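# Coordinate analysis (summary)
Here's the letter readout for the chains.
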Amino acid sequence: MRNYLIRRFLLIIPTFLGISLITFMIVQMAPGSPIYMRLHQAGGSGGSAITQEAIEQTKKLYGLDKPLPVRYVMWLGKLATFDFGTSYKDNRPVLTKIAETIPVTLQLNLISILAIYLIAIPIGVYSATHQHTRGDTALTLGLFILYSLPSFWVAMLLMYYFCGGAHFNWFPAAGVSSYDANSLGAFAWLRDRAWHLILPVLCLSYNGLAGLSRYARAGLIETIRQDYVRTARAYGFSERTVIYRYALRNSLIPIVTLLGGLIPSLIGGSVIIESIFSIPGMGRLAFEAILSRDYPLIMGILSITALLTLLGLIVSDILYALVDPKIKFS
């Protein structure tokens with residue numbers, strides 16, 4: 001397994017290079033120019049000769065006067081030394097801005113992943129062991145409805161009805177902490193943080209929960225039709241023992257596979273949810289970077305997201321071996 005993991009970690013390098021090349025080209029060729037954004041912010045709207053001069057100077061300042069392949073090689077060279085460049089918006093190091101926001105996004109996404117798996121697997125087990133009952137039908141209908149609801153629309157509805165105004169004032173509408181959170185004790189701080197994260201986590205989780213529970217149901221239904229499960233029943237084991245001791249573990253393999261794909265999906269969802277709930281995380285930072293055409297910051301965030309996704313895929317492979325000892329890495 002050690003050799004396999006070494007090979008997988010080494011494969012991250014060419015995979016990351018391919019991802020970074022494609023995203024760099026897409027970001028650089030997207031409509032809109034950071035030069036005009038920068039000049040507009042600085043109020044540079046003089047005569048045509050001065051404006052043209054300012055444009056050329058700004059292009060040279062940010063290295064945008066060079067061909068696209070040269071820019072990519074320069075960016076890659078800096079990345080090799082963990083230098084993500086500086087933000088066009090405020091000239092702060094990109095790595096510093098990401099380091100300030102990524103803990104919030106990771107906190108949000110890890111809680112969401114935990115919630116999705118803790119709720120989806122029991123729902124899937126219940127649906128598989130109670131096929132075609134009213135409970136199974138109601139769950140299926142409810143989960144399909146949840147799966148079809150766009151997260152931004154649900155977030156806006158939850159804010160409208162549960163965050164003050166003319167309806168219930170149960171949850172805060174913005175941020176991850178109260179203004180006086182630093183003066184609170186440890187337990188009160190945790191309660192305050194949980195109070196702020198309930199709605200964002202709910203919006204990030206319900207879609208993945210609906211999908212994962214269906215996979216859990218399908219996997220367990222397929223497993224309980226296997227011969228070894230029939231044999232366990234023939235030996236007289238109780239249905240609970242057959243399901244939880246013999247069938248469930250093998251049916252979890254497809255669900256473990258989905259972990260690697262769940263991470264980029266949640267981080268992508270964070271861009272919308274963090275912007276709606278004004279959460280100072282990497283998702284909102286990415287949204288603001290896209291609006292201001294802040295190329296170094298966009299590439300920095302996409303690079304971190306790509307690395308997290310690739311690491312998530314390796315974690316999925318490791319979990320394979322833990323779930324099913326018959327799987328050997330070679």
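One can find the structure itself at the top, above this paragraph.
This part is about the nonpolar core. Core analysis: the largest hydrophobic core is formed by 66 residues, its most contacted members being Ile98 and Phe277. Apart from residues lying up to four places away in sequence, Ile98 is in contact with Met282, Leu285, Leu297, Gly300, Ile301 and Ile304. Formed by 11 residues, the second largest nonpolar core is a distinct cluster that contains Val125, Val242, Ile243 and Ala247.

Moving on, we get to the state of the cysteines. Applying the stated rule across the entire model yields 0 disulfides. Sulfur of Cys163: no disulfide; nearest cysteine sulfur belongs to Cys203 and is 9.3 Å away.

For the rest of this paragraph, the subject is the side chain of Asp294. Positionally, Asp294 belongs in the loop between α12 (282-291) and α13 (295-323). For the buried residue Asp294, which engages in no salt bridge, the nearest side chain bearing the opposite charge is Lys97, 4.8 Å off. With near-sequence residues (within four places) excluded, Asp294 lies in contact with Ser87, Tyr88, Lys89 and Ala289.

Where charged atoms from two side chains of opposite charge come close, those side chains can pair. This model, assessed by the stated rule, comprises 6 salt bridges. Of the charged contacts, one joins Arg284 and Glu288 as a salt bridge, the two residues approaching to 3.8 Å between their closest N and O atoms. On the criterion of helical spacing, the pair formed by Arg284 and Glu288 is a turn pair, its members being 4 residues apart in helix α12. Residue classification places Glu288 among the partly exposed positions, given a relative accessible area of 32%.

About the thresholds
Residues numbered from 1 in each chain as written. Predicted model: local features only at pLDDT ≥ 70, side-chain atom pairs only at ≥ 80, totals over all residues. Heavy atoms only, no water. Core = buried A, V, L, I, M, F, W, Y, C linked by side-chain atoms within 4.5 Å. Buried < 20%, exposed > 50% of the residue type's maximum accessible area, 1.4 Å probe, protein only. Contact = heavy atoms within 4.5 Å. Disulfide = S-S within 2.5 Å. Helix = DSSP H or I, 4+ residues; strand = E, 2+ residues; numbered from the N terminus. Lys, Arg positive; Asp, Glu negative; His and termini not counted. Salt bridge = Lys/Arg side-chain N within 4 Å of Asp/Glu carboxyl O.

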